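Chain by chain, the residues:
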Amino acid sequence: LNFVFFIYFAVNTSGFLEGLVRGFKNGLSKEDYRHLTQCDTLEDLKLHLQGTGYGHFLANEPSPLTVSVIDEKLREKLVIEFEYIRNHAYKDLATFLDFIKYSYMIDNIILLITGTLHQRQLSELLPKCHPLGIFDQMETVTIASTTADLYNAILVDSPLAPFFKECISEEDLNEMNIEIIRNTLYKAYLEAFYDWCQQKGGATADVMCEILAFEADRRSIIITINSFGTELTKEDRAKLYPRRGKLYPDGLLELSKADEYEAVKRVSELYAEYKPLFDGTGNNPGDKTLEDKFFEHEVTLNVNSFMQQFQYGVFYSYVKLKEQECRNIIWIAECIAQRHRAKIDSYIPIM
Amino acid sequence: MSSHDRIDIFPSRMNLTIMKTRLKGAQKGHSLLKKKADALKIKFHSILKKIIEAKQLMGEIMKEAAFSLAEAKFSGGDFSHVVLQNVGKAQMKVRSKTENVAGVKLPVFEHYEDGTDSYELTGLSRGGEQLTRLKKNYSKAVKLLVELASLQTSFVTLDESIKITNRRVNAIEHVIIPKIERTISYIITELDEGEREEFFRLKKIQQKKEIIRAAQEKVRKQWEKEQEAKRVLKFIPANHVPSILDDKDDEDLLF
């Protein structure tokens, strides 16, 4: 049966793209990272990157090199590779890749909403949007001048309409804090993505549902911790928890009642996978923070997804791992540029 | 002595007293201004020390803040655009007050928070902890900046006023007081000269009087002598044989 599936998969050209993605994924090794941390200037960094898979992507930049330029170019490379894959995909894979793009679209829409509410021009906002999250109807969103127009424009034109319809009404756009809107949208997106993967079945469901479940739980935990001491009420907070993780439903109920970090820790430690993440974290220098541990766990899950073949999870993991690699490079670049080498090794290693 | 080195004034005794009073006033003013200049200088040095400390601290805090920005971007992604778009009123504002130091009004800035943190929920789903640290670091940096600005403006104002005060002190010491002193010495010289002239005049008149008196005395003596001689002549007896040796007028012999 596996053989049949293999033929089916490969014949649908997803096989070609999967192979491509595995090729793209070969990023920086441990050696490369060590070389990078030993660089003294950004020019050295550029030289070292030329020797890796990144090649001469910084070749045409005028000196002096700044960290923001490196950031831009790294992102550009990822976008080009992703768009190539997307343009060659169709049917299910295309839908899957679109799902990946939705998370960036959510960020862009939030930016556009904020900008429009404060009467900024479209020309100012467009360059600030994340390139992976650009969709064709973005301009109509900014032409809207009142929130009613804005709401209708989004409902009619953008692919995010279903997420809006579920949970946000027109008054909410005006009154709700923009961050709450963002998190509500993301919750709807995550739940929709999870359901689609589960319905797809097979290895895709195995891999993706585990990754997305962790993402959901991670968001719930982080939102809870970050909401202590702010004006976010417990009921509002509970509305932001995505209901697809291992913590659903009991853990989420406990989390929504939590008042402090210790309570959150107690609830999460009831689940075997999350207990080790809370150990050894702290706020002292030299300790890893909880977010760092979450990043590491996410990286492990994504790397594991490459162990399985013929499933769409590899594309998702490729995007996420590439992003993490970009973040690592930028982190090392910032430490070098600011001459603050104490924490230069605090990047997340990708095996 | 050319006249612009002293004040043009008529050299009389009353003017002398007036000038002496002026001199006393100038000296008192000089010592008061010197005290003011010293007080300002002390404050100046203390502000200078504070500025140096603040600038060093600033370097460290800015470094810390920039690094915490990098940390927040690492965990939380690029939140800068949303924050920028959401900017409404200022949360931290600056008030200016004046402080009085030895009569000089120095401007002082102090910061105050206006309104609540409108970015409480930024980074809710990732990077929240780093973001709070970032906010704290940068607000420390802004507070230090306000203090530094305040110190520097007072420094500049104080510098101006010290220069002015020193200029005045020097002017009094090297121009006004010597001028008054020269005026006083001129009046005194003039007065002395006048006295000497008087004295000389008196002496001359006395001399002249003496001569006149001596001449008059001589005339009187002469007259007295004549009188004496006339009286003597009355007492000459009849049998006085006139001799040819008497010198009197002989009557003329007429034939």
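Residues numbered from 1 in each chain as written. Chains lettered and ligands numbered in written order. Predicted model: local features only at pLDDT ≥ 70, side-chain atom pairs only at ≥ 80, totals over all residues. Heavy atoms only, no water.

Chain B appears in an unreviewed UniProt entry as V-type proton ATPase subunit D from Ciona savignyi. In the Sequence similarities (unreviewed entry) part of its UniProt record, chain B is described as follows: "Belongs to the V-ATPase D subunit family." (UniProt positions renumbered as here; feature names shortened; annotations may be inferred.)

An unreviewed UniProt entry annotates chain A as V-type proton ATPase subunit originating from Ciona savignyi.

## So, the nonpolar core
Membership of the largest hydrophobic core comes to 111 residues, with the highest contact counts inside it found for L45, I70, F96, L97, F164, F193 and F315 of chain A. Setting aside residues no more than four positions away along its own chain, F164 of chain A makes contact with I109, I113, Y151, I154, L173 and L185 of chain A. Grouped together as the second largest cluster of nonpolar side chains are 16 residues, I47, M58, I61 and L158 of chain B included. (Core = buried A, V, L, I, M, F, W, Y, C linked by side-chain atoms within 4.5 Å. Buried < 20%, exposed > 50% of the residue type's maximum accessible area, 1.4 Å probe, protein only. Contact = heavy atoms within 4.5 Å.)

## Focus on helix 12 (residues 178–200) of chain A
Residue and element names in this part refer to chain A. Taking 1.5 Å of rise per residue, 23 residues should cover 33 Å, and helix 12 covers 33 Å from first to last C-alpha, within 8% of that figure. Here helix 12 lies mainly inside the structure; 18 of its 23 residues are buried. One or two residues past the end of helix 12 sits G201, with phi positive at roughly 75°. (Helix = DSSP H or I, 4+ residues; strand = E, 2+ residues; numbered from the N terminus. Expected span 1.5 Å × (residues − 1).)

## Digging into the side chain of N183 of chain A
Inspection of the secondary structure puts N183 of chain A in helix 12. When near neighbours in sequence (up to four residues on either side) are disregarded, N183 of chain A contacts R219, I223 and L240 of chain A together with L124 and S125 of chain B.

## Considerations on the layout of surface pockets
Residue and element names in this part refer to chain B. Reported here for the second largest pocket is a volume of approximately 840 Å³. Contributing to the lining of the second largest pocket are 22 residues, with Q91, D117, Y119, K135 and Y138 lying nearest its centre. Looking at the lining of the second largest pocket, the elements with two or more residues in it are helix 2 (80–85) and helix 3 (128–234). With eight residues, the top contributor of residues to the lining of the second largest pocket is helix 3. Here the residues of the lining of the second largest pocket sort into twelve nonpolar, five polar and five charged. (1 Å grid on protein atoms, 1.4 Å probe; cavity = no way out; pocket = protein on both sides within 12 Å on 5 of 7 lines; lining within 4 Å. Points joined across faces, edges and corners; volume = space filled by probe spheres on them. Nonpolar A, V, L, I, M, F, W, Y, C, P; charged D, E, K, R; others polar.)

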